[in-house]
Amino acid sequence: MSLPHRCTLCPRACGADRAAGHPGYCGADDRLMVARAALHHWEEPCLSGTPEDERGSGTVFFSGCSLRCCYCQNYPISQEGVGKAISTEHLAEIFLRLQRDGARNLNLVTATQYLPQVRAALDTAKAAGFLLPVVYNTGGYETVETVKALEGYVDIWLTDFKYASPDLAARLSSAKDYPAVAEAALRQMLRQTGAPFFDSEGFLQRGVIVRHLALPGHVQDSQAVLRLLVRIQNETGVPFIPSLMSQFTPFYKAAENGLGRRITTYEYRQVIDEAIRLGLTDGYMQEKSSAREEYTPPFDLEGV
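Residues numbered from 1 in each chain as written. Predicted model: local features only at pLDDT ≥ 70, side-chain atom pairs only at ≥ 80, totals over all residues. Heavy atoms only, no water.

A look at the overall build of the protein chain
Where we set the bar: Secondary structure elements follow DSSP: runs of H or I no shorter than four residues count as helices, runs of E no shorter than two count as strands, and numbering proceeds from the N terminus. Atoms considered for the radius of gyration are the C-alpha atoms alone. The globule rule reads 2.2 Å times the number of residues to the power 0.38. When accessible area is computed with a 1.4 Å probe and restricted to protein chains, residues below 20% of their type maximum are described as buried, those above 50% as exposed, and intermediate ones as partly exposed. The protein chains shown are the only cover counted for residues, whose accessible areas, like all others here, come from Shrake-Rupley with a 1.4 Å probe.
Scanning the protein chain from N- to C-terminus turns up nine helices and 10 strands. For 304 residues, the compact-globule estimate of 2.2 N^0.38 gives 19 Å, and the C-alpha radius of gyration of the protein chain, at 18 Å, lies within 12% of that figure. In terms of overall dimensions, the protein chain has C-alpha extents of about 50 × 45 × 40 Å along its principal axes. Counting only residues that meet the buried cut, the protein chain has 56% of its 304 residues in that class. If you sum the accessible surface of the protein chain, you get close to 12,500 Å²; carbon and sulfur atoms cover 50% of it.

So, empty space enclosed by the protein
One simple way to see leftover space: roll a probe sized like a water molecule over the atoms. This is how it is decided: Computed over the protein atoms alone on a 1 Å grid, cavities are sets of points where a 1.4 Å probe fits but cannot get out and pockets are open sets with protein on both sides within 12 Å along at least five of seven lines; a residue lines them when it has an atom within 4 Å of a point. Grid points are joined across faces, edges and corners, and a volume is the space filled by probe spheres set on the points. Three classes are used, and their members are as follows: Ala, Val, Leu, Ile, Met, Phe, Trp, Tyr, Cys and Pro are nonpolar, Asp, Glu, Lys and Arg are charged, and the others, Gly among them, are polar.
Taken as a whole and judged by the stated rule, the model has one cavity of 30 Å³ or more. Approximately 30 Å³ is the volume found for the largest cavity. Around the largest cavity, the lining residues are V210, H212, L226, L229, P242, S243, L244 and L280. Elements with a contribution of two residues or more to the lining of the largest cavity: strand 8 (204–213), helix 8 (219–236) and strand 9 (241–245). Residue contributions to the lining of the largest cavity peak at three residues, all from strand 9. Its residues assigned to classes, the lining of the largest cavity shows six nonpolar, two polar and no charged.

A look at the nonpolar core
For the record, the criterion: Working definition of a nonpolar core: buried Ala, Val, Leu, Ile, Met, Phe, Trp, Tyr and Cys residues. They are joined through side-chain atoms within 4.5 Å. In this analysis, two residues are considered to be in contact whenever any of their non-hydrogen atoms come within 4.5 Å of each other.
The biggest cluster of nonpolar side chains holds 81 residues, and the ones touching the most others in it are V60, F62, Y71, L91, F95 and L108. Excluding residues within four positions of it along the chain, F62 makes contact with L32, M33, V34, I77, L91, L108, V109, T110, A111, Y114 and V118.

Comments concerning the pairing of strand 6 (residues 156–160)
How we decide: For crossovers, right-handed means that the path from the first strand over the helix to the second runs clockwise, given strands pointing away from the viewer. In this description, strands pair whenever DSSP reports at least two bridges between them.
In terms of residue burial, strand 6 counts as a mostly covered element, since five of its five residues are buried. Residues of strand 6 alternate between two faces, with I156, L158 and D160 on one and W157 and T159 on the opposite face, all of them buried. For the handedness criterion, the β-α-β arrangement of strand 5 (residues 134–138), helix 5 (residues 144–149) and strand 6 is classed as right-handed. Looking at chain direction, strand 6 and strand 8 are connected through five bridges and run parallel. Across the sheet, residue L158 finds its bridge partner in strand 8, namely I209.

Observations concerning the UniProt feature "binding site: [4Fe-4S] cluster" (unreviewed entry) in the protein chain
Note the threshold: UniProt positions are given in the numbering used here, feature names are shortened, and annotations may be inferred rather than shown by experiment.
The positions that UniProt labels "binding site: [4Fe-4S] cluster" (unreviewed entry) are, in the present scheme, C65, C69 and C72. For C65, the position within the fold is in the loop between strand 2 (57–62) and helix 2 (75–78). With respect to the secondary-structure elements, C69 resides in the loop between strand 2 and helix 2. Apart from the residues lying within four places of it in its own chain, the contact partners of C69 are Q79, K162, Y163, L172, S173 and Y252.

Given below as C-alpha cells:
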C-alpha cells in the first residue's frame, strides 16, 4: 500500500496527489509527520492504568486531521502543522522503543492520513518482535474501507462519536456527513473486533471504546448520540465500552463558535442520567474536574 495519487483515505476524498507532495484536506503531503511519541497516562484506565502507573499507553501523536473541529484541544498538530518529518523505518523504531519502555499498548492518535506508512511501520516492527496491542485513536470520521484496511493491524478502536446532528457537525467540525460516516465506521469496527477482551490485570486487549465529549449548550445532541449508540449496539449484537467525557475546555476557535465556556454540572448530569436510563453503565463517566488544560500534552516533539 503506497501513498495515493488521488487521496481517498478519509471521507473527504479530496483527491490530492499526496504521492507528488501535494497536501490533502487533512494538511498531510508525502511526508510522515509526528509531533510526540511517549508514555501517556490520561487515557481510560483499561488502556493506561491509573495516573500513578509508570507504564501507561505508548502514544504517538500524528500531525494533521481530516476534521476541522473548532474546539480541538490538539489544534497545534491537527490544524497548525506542528510536527517533525520522519521515515517509516524510524516510526517502526519508535513503536519498538515504546514497547521497551514498558508501554501497555501502542496508541496511534489521528493516523489515517498516514495509513500506508503506519501499516508498513507495523509490519517492520512486528518482524522485529513488536507484540503490543495496537490502539487506533480516532475522531470517528473514517471510511469503512479504511477500517477494513486496518483489520489485522488494530486490536482496539478508541473512537469518538461526536454528533447526532448533521447541522451541528457541519457548524463545529465542517463535516455535515459526520453522523452517517461515524455510524458506518463504528459498525465495521465492532464487526472486526468483537466484544471487549481484557487480560488478567484488567487491561483491554481487544474491543471498541466509544468516547463522547459532552459540549456546553448541546445536551440534547449528546442524549441523541447515546440513543444512537444503544441502537447500534443492539443491532450489531456486539458490546462496546462507553466513555462519557466532561473535559471540554474552550480551546482554539471554540469561543467564536458559541462554545466559550465549560459544561455545567447540571448539563453533564443530564447526559449521565440519559446514559444510566439507557443502560450504558459498563464503561467510564469522567469527573467534572477533568476539564483542565494540563490534560493536554505538550507537542514538543518528545520521543520523535
